[in-house]
Amino acid sequence: MRSFVVKLALLAAFFCVATAVLPPGYEDNLFCPPGYCVRTRSTPPGFVGPRTAFNECYKATDGTIMPVTPWGFQVGQEKLRELKAGGYTETKCQETREL
């Protein structure tokens, strides 16, 4: 029984690491809606994951935070055109803050 539990734990750990990062072409660019900028999120030491897990959209006027919208060449040019037509930008926040 213990052997099974160990194998299951190793399998779960491998699965977490294997799915933590997307391949190129899905999160090449991060977009935020009009009025928001892209900023780095606070994450615990050793945290791994896709780029979207490390960034967020921030609205300085009222402090609102929302998820970034990723785009990459694998997603397609039509999606990029839709984002840009909707006013989405890749503008980085100029605010510095302690992470």
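Residues numbered from 1 in each chain as written. Predicted model: local features only at pLDDT ≥ 70, side-chain atom pairs only at ≥ 80, totals over all residues. Heavy atoms only, no water.

Engineer: What is the right way to read the state of the cysteines from this model?
Structural biologist: As used here, a disulfide is simply a covalent bond connecting the sulfur atoms of two cysteines. Evaluated as defined, the whole model comprises two disulfides. Between the sulfur atoms of Cys 37 and its disulfide mate Cys 93 the distance is 1.8 Å. Disulfide Cys 37-Cys 93: the torsion about the S-S bond is 95 degrees, which places it as right-handed. Taken together, the residues Cys 37 in strand 2 (residues 37-40) and Cys 93 in the segment after helix 2 (77-85) connect sequence positions 56 residues apart. Given a relative accessible area of 13%, Cys 37 falls into the buried group. (Disulfide = S-S within 2.5 Å. Helix = DSSP H or I, 4+ residues; strand = E, 2+ residues; numbered from the N terminus. Buried < 20%, exposed > 50% of the residue type's maximum accessible area, 1.4 Å probe, protein only.)

Engineer: How should the pairing of strand 3 (residues 55-59) be read in this particular structure?
Structural biologist: Along strand 3, four of the five residues are buried, which leaves the element largely enclosed by surrounding structure. Bridge analysis of strand 2 against strand 3 gives four bridges, and the strand direction is antiparallel. Of the residues in strand 3, the one forming a bridge with Cys 37 is Tyr 58. Two strands pair when backbone bridges link them, and strand 3 and strand 4 (residues 64-66) are joined in this way by three bridges, in the antiparallel orientation. From the neighbouring strand, Lys 59 faces strand 4, where its bridge partner is Thr 64. (Pairing = 2+ DSSP bridges.)

Engineer: Just to check I follow, could you spell out the nonpolar core for this structure?
Structural biologist: One recurring pattern in soluble globular proteins: nonpolar side chains tend to sit buried together. Core analysis: the biggest nonpolar cluster contains six residues, these being Leu 30, Cys 32, Tyr 36, Val 38, Cys 57 and Val 68. Setting aside anything within four residues of it in sequence, one finds Cys 32 in contact with Cys 37, Val 38, Glu 56, Cys 57, Val 68, Gly 87, Tyr 88 and Thr 89. (Core = buried A, V, L, I, M, F, W, Y, C linked by side-chain atoms within 4.5 Å. Contact = heavy atoms within 4.5 Å.)

Engineer: How should the side chain of Glu 27 be read in this particular structure?
Structural biologist: In this structure, Glu 27 sits in the loop between helix 1 (2-18) and strand 1 (29-31). In terms of polar contacts, Glu 27 uses its side chain to reach the side chain of Thr 52, at 2.9 Å. (Polar contact = N/O pair within 3.5 Å; in protein donor to acceptor, adjacent residues only side chain to side chain.)

Engineer: I keep staring at the environment of Ala 60 and nothing clicks. Help me out?
Structural biologist: For Ala 60, the location among the structural elements is in the loop between strand 3 and strand 4. Residue classification places Ala 60 among the exposed residues on the basis of a relative accessible area of 58%. Residues Ala 60 and Cys 93, 33 residues apart in the sequence, show an inter-C-alpha distance of 8.7 Å.

Engineer: In this structure, what is going on with the side chain of Asn 55? I would like to understand it.
Structural biologist: Mapped onto the elements of the fold, Asn 55 is located in strand 3. Classification of Asn 55 by relative accessible area gives buried; the value is 14%. Once you skip the residues sitting within four places of it in the chain, Asn 55 turns out to touch Leu 30, Val 38, Arg 39, Thr 40, Arg 41 and Val 68.

Engineer: Help me understand the environment of Tyr 26 in this model?
Structural biologist: Topologically, Tyr 26 is positioned in the loop between helix 1 and strand 1. Spatially, the C-alpha atom of Tyr 26 lies 4.2 Å from that of Gly 72, the residues being 46 residues apart in sequence. Not counting chain neighbours up to four residues away, the residues in contact with Tyr 26 comprise Pro 70, Trp 71, Gly 72, Gln 74 and Val 75.

Engineer: Got a minute to help me understand the packing of aromatic side chains in this structure?
Structural biologist: Between two aromatic rings, the relevant description is the distance of the centres plus the angle of the planes. With the rule as written, the count across this model stands at one aromatic pair. Taking 5.4 Å as the distance between ring centres and 70 degrees as the angle between the ring planes, the aromatic pair formed by Phe 47 and Phe 54 counts as edge-to-face. You can call Phe 47 partly exposed: its relative accessible area is 36%. The ring of Tyr 58 is capped by Arg 39, whose NZ or CZ atom sits 4.0 Å from the centre of that ring. (Phe/Tyr/Trp six-rings, centres within 6.5 Å; stacked < 30°, edge-to-face > 60°. Lys NZ or Arg CZ within 6 Å of the ring centre and 35° of its normal.)

Everything listed here is a matter of coordinates, which is why it stays silent on function.
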